[in-house]
Amino acid sequence: MKTPFPIEAADGLRHDVRYLGALLGDALREQGGDELFQIVEQSRLAARSRRDGDGTAERTLDALLTGLEPQHAAEVAQAFSAYFSLVNMAERVHRIRRRREYLRSGTPQPGSLEDVMRRLAASGVTRQQALALVAEMMVEPVYTAHPTEAIRRTILVKEQRVARLLIDRLQHADPTPPEEEALTGRLRDEITLMWQTAEHSGVKRTVADEVEHVLFYLIDVIYRIVPALDESMESALQAAYGGDASAAVAIPFVRFGSWVGGDMDGNPNVGPETIQSTLERQRQLIIDRYIAEVRELFGHLSQSQSRITVDPELEKRCADYRQRMPEVAAGIPARYDDMPYRILLWFSWARLDATLAGGTHAYPTADTFRGDLELIADSLRRHKGEHAGLLRTTHLAQRAATFGFHLATLDVRQDALVHRVAVAALLEDPEFVDASAEARAEALRAVLGDKPATGKAAHTDAAASLAVFRRIAEAREVFGSEAIGTYIISMAQGPDDALAVLYLAHSAGLVGGDGAVPLDVAPLFETVPDLEHAGETLAALLDDPIYRAHVTARGDRQIVMLGYSDSSKESGLSASRWALYRAESTLSEVADRAGVELTLFHGRGGTPSRGGSKPRAGILAQPPGVMHGRMRLTEQGEIIHAKYGLRGIALRTLELTTGAVLEASAPTGEANQLHPDFTDAMTTVARAGREFYRALVYEDPDFIPYFRTATPIDIIERLEIGSRPASRRSGGGVENLRAIPWVFSWMQNRHLLPGWYGVGAGLAAAIDAHGEEVLRDMASDWPFFENLLADVEMVLAKADMGIGERYSKLAGETGERLFPRILAEYDRTRSLICLLRGIREPLEREPVLRRSIRLRNPYVDPISLLQVDLLKRWRASDRQDQ
């Protein structure tokens with residue numbers, strides 16, 4: 001297939017989509033036959049015509065897609081899924097193309113670190129303030145498992161190859177015909193291999209599988225880009241303020257965490273063994289990567305002392321190693337005796353091997369490994385090595401500073417109820433679990449005040465919990481103090497829940513030499529009521545002398561986690577967002593009064609109903625003054641793939657995130673108080689929205705039957721693509737269902753209901769009570785409210801209530817009653833969002849996002865219609881076909 005070159009950047013995406021689509025079409029003909037190709041192509045064209053307003057197109061789609069044999073339907077669905085994946089990849093490559101255009105033009109890309117730093121300088125932030133901000137900043141993405149992320153690692157690798165081939169085309173604007181033919185051939189091979197590979201194995205995923213999934217991104221993508229991020233920050237400071245800024249970025253300002261292997265909440269497959277195996281695997285991978293880079297560096301740094309001089313400190317280190325490791329020294333070939341850098345790298349290589357094997361000469365910490373690298377870097381700087389290996393050496397040192405020997409800190413999470421049961425067993429007090437929070441806290445203070453004996457024999461209800469804390473203690477000894485991150489308490493409600501963790505840690509021997517528990521304990525506030533009381537809970541916790549002593553021992557630092565998913569599922573989007581906003585403000589005030597450094601840990605998902613938002617806008621929408629340069633946030637499932645699947649995109653993601661944290665943390669010189677009218681109006685939006693949402697989701701007896709028949713939740717619960725059950729506890733109610741399958745179900749049936757239902761009711765009530773002008777002012781002058789409306793606008797644009805109605809018919813009479821009610825709220829929400837945003841239709845001012853959705857619709861719509869037909873037939877057959 002002939003490819004025209006060169007390609008203008010503005011037309012690049014459209015060209016790439018056509019180009020990849022033609023290659024996939026060729027593969028469909030070759031692999032599935034002309035009949036498969038024709039049905040897919042005709043369906044795609046009909047879906048596009050339907051979107052363009054052709055009233056006959058839906059009948060055409062029905063004729064093409066209804067009644068297909070299951071195997072044939074699966075082939076058609078896979079074809080559209082493949083098209084969809086290629087469109088996603090083309091769009092990500094286009095984002096890299098746009099970044100290259102900005103770099104080529106010399107104009108900072110909006111949201112880039114240089115753009116942010118220049119704007120901070122223009123606003124009056126001094127160079128000293130900017131350097132201090134960067135030096136003290138810590139942003140920590142935390143990657144979590146996701147029960148709806150089914151893509152296999154082998155598919156991810158192939159997708160990356162496709163993307164890199166497309167990127168190669170960006171860098172070769174005028175290839176020769178043989179080069180063009182070779183590139184097209186390689187793309188065709190990868191696309192055909194993707195077609196021939198099942199998207200998931202059909203075997204239930206284990207925790208180890210989920211660990212490998214996350215490690216793919218950490219090792220293959222993020223490890224590579226960390227030096228580029230550091231350099232971007234340094235060059236941004238230099239561009240805005242001038243002078244040397246290397247000292248400010250010497251301390252890593254981004255680190256990485258993971259929940260995979262440590263998140264026990266509702267997952268019986270996670271425990272001490274997975275904590276151990278995950279940390280072992282992470283250590284193996286990062287040290288293997290260091291060894292490979294040391295070997296590469298060894299090949300480059302061939303300087304001879306007959307040609308250059310080196311620092312005396314480096315020569316002294318080599319001599320010291322020869323004395324301490326004579327057996328290693330004996331193995332160094334004599335031809336390297338005149339090459340001091342290679343001598344030191346040989347010893348470093350041996351020490352890394354010993355670290356991995358637990359040998360005699362193991363590095364005690366990653367800092368000692370980095371010390372060897374910095375000796376080389378310092379010597380290169382002082383002895384004309386700036387263009388002779390310095391950059392490679394500093395890149396490896398930067399990675400060692402960021403990833404250590406642990407790669408990513410492993411958080412541990414457990415439900416508060418599990419802790420209460422374990423404590424009750426240890427105290428031999430069966431009434432402890434059901435006692436009041438105050439009574440539980442008093443009982444725990446009594447035993448913690450007595451310094452509980454470690455190693456106490458435990459009832460079986462406590463044994464599993466104690467085993468976890470013992471394993472954490474062992475992990476800190478073996479893998480280092482940074483290997484274990486935060487201990488998170490799900491469904492935390494009072495100070496007793498944090499005290500319970502301290503008691504269990506003491507009982508298991510997880511205590512430092514100073515008698516303190518060496519663990520950051522983070523309550524997780526998830527429901528709207530818990531968020532509303534989060535401030536007073538934290539205040540009570542910090543007022544408790546035992547827990548305050550723990551916080552003091554941790555450097556007067558406290559982490560609090562905020563849950564977006566469960567609060568939204570419980571109360572609707574607007575009430576959830578408002579409760580989170582107020583909780584952040586209150587928690588920050590409480591911590592400031594107590595003299596404690598607070599880090600907010602945002603439990604965001606991918607969709608707006610689970611806290612998802614544009615990275616920059618979501619951060620800037622938080623209350624002024626709560627950031628202080630520190631933020632942790634979860635990154636989940638398909639969002640990890642979208643934001644970190646390619647190196648260029650991952651770098652942009654981290655730039656946007658760190659830039660927004662800098663901007664939100666910068667001293668503004670203004671009090672920035674929220675207008676009381678805004679507070680009152682938003683309270684009305686949240687209250688009325690929550691009442692309207694709960695009237696359907698929790699109070700209408702027909703809602704659960706509707707949910708279970710108008711969505712494919714019965715399929716999702718059977719999917720073997722996650723190690724964790726779909727529900728926390730038994731029971732068919734919404735309250736027991738995890739937020740991820742809840743939201744995923746509504747995405748599948750195109751309602752996207754959790755992302756907008758009740759928002760229109762809340763806006764209408766606020767307009768009635770406070771006036772339209774107040775809400776218009778909120779939309780233009782308040783980042784929080786503007787971001788809320790923008791997120792809902794995006795969800796409304798992605799929903800398709802025409803296809804949603806087709807799903808509603810699966811619910812029979814229940815659907816006939818409830819769908820018109822849902823549709824009416826959709827229409828009201830859409831109308832009011834457009835009114836307040838000053839637009840005629842959703843995404844009118846977001847051409848890039850609108851184009852993105854339109855590109856995907858012709859591939860998603862046929863899959864939805866296929867699913868409706870197959871669900872109807874599968875349920876009619878009593879769900880026999882697995």
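Residues numbered from 1 in each chain as written. Predicted model: local features only at pLDDT ≥ 70, side-chain atom pairs only at ≥ 80, totals over all residues. Heavy atoms only, no water.

**Regarding the pattern of salt bridges**
Note on pairing: side chains with opposite charge can pair once their charged atoms come close.
So, step 1. One pass over the full model with this rule turns up 58 salt bridges.
So, step 2. Between Arg 118 and Glu 114 there is a salt bridge, with its nearest N and O atoms 2.9 Å apart. Of this pair, Arg 118 and Glu 114 are both found in helix H5 (residues 113-122), four residues apart, which corresponds to roughly one turn of the helix.
So, step 3. Residue Arg 118 is classed as partly exposed on the basis of its relative accessible area of 40%.
So, step 4. Take Glu 114: its relative accessible area is 25%, and that puts it in the partly exposed class.
So, step 5. Note that Asp 700 and Arg 821 form a salt bridge whose closest N and O atoms lie 2.7 Å from each other. Taken together, the residues Asp 700 in the loop between helix H28 (676-697) and helix H29 (703-710) and Arg 821 in helix H36 (residues 812-837) connect sequence positions 121 residues apart.
So, step 6. Salt bridges sharing partners connect three or more residues here, namely Arg 50, Arg 51, Glu 58, Asp 62, Arg 750, Asp 800, Arg 806 and Asp 861. (Salt bridge = Lys/Arg side-chain N within 4 Å of Asp/Glu carboxyl O. Helix = DSSP H or I, 4+ residues; strand = E, 2+ residues; numbered from the N terminus. Buried < 20%, exposed > 50% of the residue type's maximum accessible area, 1.4 Å probe, protein only.)

**Some thoughts on the packing of helix H10 (residues 272-300) against helix H18 (residues 460-479)**
Helix-helix packing is characterised by the crossing angle of the two axes and by the distance between the axes.
So, step 1. Where H10 contacts H18, the two axes come as close as 9 Å, and the packing angle between them is 20°. Of the possible angle classes, the one that applies to H10 and H18 is roughly parallel. Here H10 and H18 pass one another in a crossing that is right-handed. For the pair H10 and H18, the contacting residues are Pro 272, Glu 273, Ile 275, Gln 276, Leu 279, Glu 280 and Arg 283 in the first and Ala 467, Val 468, Arg 471, Ala 475, Val 478 and Phe 479 in the second.
So, step 2. Per-class residue counts for the contact of H10 with H18 are eight nonpolar, one polar and four charged. (Axes fitted to C-alpha atoms, helices over the stretch in contact; angles between N-to-C directions. Parallel < 35°, antiparallel > 145°, perpendicular 65-115°, else oblique. Left-handed = near helix turned anticlockwise from the far one by under 90°. Contact = heavy atoms within 4.5 Å. Nonpolar A, V, L, I, M, F, W, Y, C, P; charged D, E, K, R; others polar.)

**Considerations on the nonpolar core**
So, step 1. If you look at the biggest cluster of nonpolar residues, it comprises 156 residues, and the most contacted ones within it are Met 117, Met 233, Leu 237, Phe 256, Tyr 290, Phe 369 and Phe 469.
So, step 2. No other element matches the 18 residues that helix H9 (residues 207-241) contributes to this core.
So, step 3. Setting aside anything within four residues of it in sequence, one finds Tyr 290 in contact with Tyr 223, Leu 352, Phe 369, Leu 396, Arg 399, Ala 400, Phe 403, Gly 404 and Phe 405.
So, step 4. With 55 residues, the next largest nonpolar core counts Trp 578, Tyr 757, Val 774 and Met 778 among its residues. (Core = buried A, V, L, I, M, F, W, Y, C linked by side-chain atoms within 4.5 Å.)

**Topic: the sheet that holds strand S4 (residues 484-490)**
So, step 1. Strand order around the closed barrel formed by eight strands is S1-S2-S3-S4-S5-S6-S7-S8, with parallel pairing between neighbours.
So, step 2. Strand direction decides the pairing type here: strand S3 (residues 409-415) and S4, joined by five bridges, are parallel. Its bridge partner lying in S4, Arg 413 is registered against Ile 488. (Pairing = 2+ DSSP bridges.)

**Remarks on the pairing of strand S6 (residues 557-563)**
So, step 1. Counting buried positions over the seven residues of S6 gives six, a clear majority of the element.
So, step 2. For strand S5 (residues 520-525) and S6, the ladder comprises two bridges, and the chain directions are parallel. Paired with Leu 524 across the strands is Met 561, a residue of S6.
So, step 3. Two strands pair when backbone bridges link them, and S6 and strand S7 (residues 597-603) are joined in this way by seven bridges, in the parallel orientation. Its bridge partner lying in S7, Gln 558 is registered against Leu 598.

**Regarding the side chain of Arg 289**
So, step 1. If you trace the backbone, Arg 289 turns up in helix H10.
So, step 2. Here Arg 289 occupies a buried position and makes no salt bridge, while the nearest side chain of opposite charge, Asp 220, is found at 4.4 Å.
So, step 3. For Arg 289, the side chain forms a polar contact with the main-chain oxygen of Ile 219, separated by 3.3 Å.
So, step 4. In this view, Arg 289 contacts Ile 219, Asp 220, Tyr 223 and Arg 224; residues no more than four positions away in its chain are not counted. (Lys, Arg positive; Asp, Glu negative; His and termini not counted. Polar contact = N/O pair within 3.5 Å; in protein donor to acceptor, adjacent residues only side chain to side chain.)

**Here's the deal with H29**
So, step 1. Residues Phe 703, Tyr 706, Phe 707 and Ala 710 constitute the buried set of H29. Across the axial projection of H29, the buried residues extend over an arc of 100°, all falling on one side.
So, step 2. Where H29 is buried, its residues contact H28, helix H30 (713-716), helix H31 (739-748), helix H35 (801-808) and H36. (Arc of directions from axis to C-beta.)

**Remarks on the pairing of strand S1 (residues 138-144)**
So, step 1. Burial runs high along S1: six of the seven residues are buried.
So, step 2. Direction of pairing for S1 relative to strand S8 (residues 630-636): parallel, over a ladder of seven bridges. Within S8, the residue paired with Thr 144 across the bridge is Gln 636.
So, step 3. By the bridge criterion, two bridges tie S1 to strand S2 (residues 257-258) in an arrangement that is parallel. Across the sheet, residue Val 142 finds its bridge partner in S2, namely Gly 257.

**Regarding the packing of aromatic side chains**
So, step 1. Summed over all chains, the structure comprises 38 aromatic pairs.
So, step 2. Between Tyr 363 and Phe 405, the aromatic rings sit 6.4 Å apart at their centres with planes inclined by 40°, giving tilted as the arrangement. Here the residue Tyr 363 occupies a position in the loop between helix H13 (340-357) and helix H14 (366-382), and Phe 405 occupies one in the loop between helix H15 (390-403) and S3, the gap between them amounting to 42 residues.
So, step 3. The exposure class assigned to Tyr 363 is buried, which follows from its relative accessible area of 2%.
So, step 4. An angle of 50° between the planes, with centres 5.1 Å apart, marks the rings of Phe 707 and Trp 742 as tilted. One end of the pair, Phe 707, is in helix H29; the other, Trp 742, is in helix H31, with 35 residues separating them in the sequence. In terms of burial, Phe 707 and Trp 742 fall into one category: buried.
So, step 5. The structure contains a cluster of three or more aromatic residues connected by ring pairs, namely Tyr 143, Tyr 223, Phe 256, Tyr 290, Tyr 363, Phe 369, Phe 403, Phe 405 and Tyr 644.
So, step 6. Of note, Arg 828 hangs over the ring of Phe 692, and the distance from its end group to the ring centre comes to 5.2 Å.
So, step 7. Sitting over the ring of Phe 84, Arg 856 keeps its end group 5.9 Å from the ring centre. (Phe/Tyr/Trp six-rings, centres within 6.5 Å; stacked < 30°, edge-to-face > 60°. Lys NZ or Arg CZ within 6 Å of the ring centre and 35° of its normal.)

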